[in-house]
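Chains, contacts and geometry: an overview
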Amino acid sequence: QVQLVESGGGLVQAGGSLRLSCAASGRDFSIGAMGWYRQAPGNQRELVATITSDGTTNYADSVKGRFTISRDNAKNTQYLQMNSLKPEDTAVYYCNALINRFGGPTLYWGQGTQVTVSS
């Protein structure tokens, strides 16, 4: 079994920064693409950023220039550095990862971490 464990959420004032982490744990797996999504109350879950196994990144227009996704393959961990935060960034943030195991690739999700940006 593989688990994704998130950390780093919290309360921050507008203009501030937070760094989210998402660590994969388990046995006998490798990781393909990874990503971050978010869901605000009453809204659908939306893409924030993705990163491929070779480091190619993609961002939602709303976070371009403010957020940076990265990964440390040796630690099976991805990060989301969030700068210049706005109240509209308030949401539960979820990480995901395409995990390769014996039966083929499976998409795993983290448990979510709350990010609240006050004005």
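The following refers to the structure shown. (Residues numbered from 1 in each chain as written. Predicted model: local features only at pLDDT ≥ 70, side-chain atom pairs only at ≥ 80, totals over all residues. Heavy atoms only, no water.)

1. Some words on the sheet that holds strand E8 (residues 77–82)
Our working rule: Should DSSP find at least two bridges between two strands, the strands are regarded as paired. The numbering of helices and of strands both runs from the N terminus, where a helix is a DSSP run of H or I of at least 4 residues and a strand a run of E of at least 2. Axis lines are fitted through C-alpha atoms, for helices just across the contact stretch, and the angle between N-to-C directions can take any value from 0 to 180 degrees.
Here we have four strands laid out as an open sheet, ordered E1-E3-E8-E7, and antiparallel in their pairing. Strands with a single pairing partner mark the edges of an open sheet, and in this sheet they are strand E1 (3–7) and strand E7 (67–72). The mean angle between the axes of side-by-side strands here comes to 15°, regardless of whether they run parallel or antiparallel. Looking at chain direction, E1 and strand E3 (residues 18–25) are connected through five bridges and run antiparallel. Its bridge partner being in E3, Gln3 is matched across the sheet by Ser25.

2. Looking at the state of the cysteines
Put simply, the test is: Our working definition of a disulfide is a cysteine sulfur pair at a distance within 2.5 Å. Think of it in three bands: with a 1.4 Å probe and only protein chains considered, a residue is buried below 20% of the maximum accessible area for its type, exposed above 50%, and partly exposed in between.
Within the structure shown, the criterion is met by one disulfide. Here Cys22 connects covalently by a disulfide to Cys95, the sulfurs 2.1 Å from one another. One quick way to see it: the torsion about the S-S bond of Cys22 and Cys95 is about 60°, and its sign makes the bridge right-handed. Taken together, the positions of Cys22 in strand E3 and Cys95 in strand E9 (residues 91–101) put the pair 73 residues apart, joining distant regions of the chain. In terms of burial, Cys22 and Cys95 fall into one category: buried.

3. Quick word on unusual backbone geometry
With phi around 55°, Asp28 is a residue other than glycine that occupies positive phi space. Its location among the elements puts Asp28 in the loop between E3 and strand E4 (30–39). Notably, Asn76 is not glycine yet its phi reads approximately 50°, a positive angle. Within the secondary structure, Asn76 is located in the loop between E7 and E8. Since its relative accessible area comes to 27%, Asn76 is described here as partly exposed.

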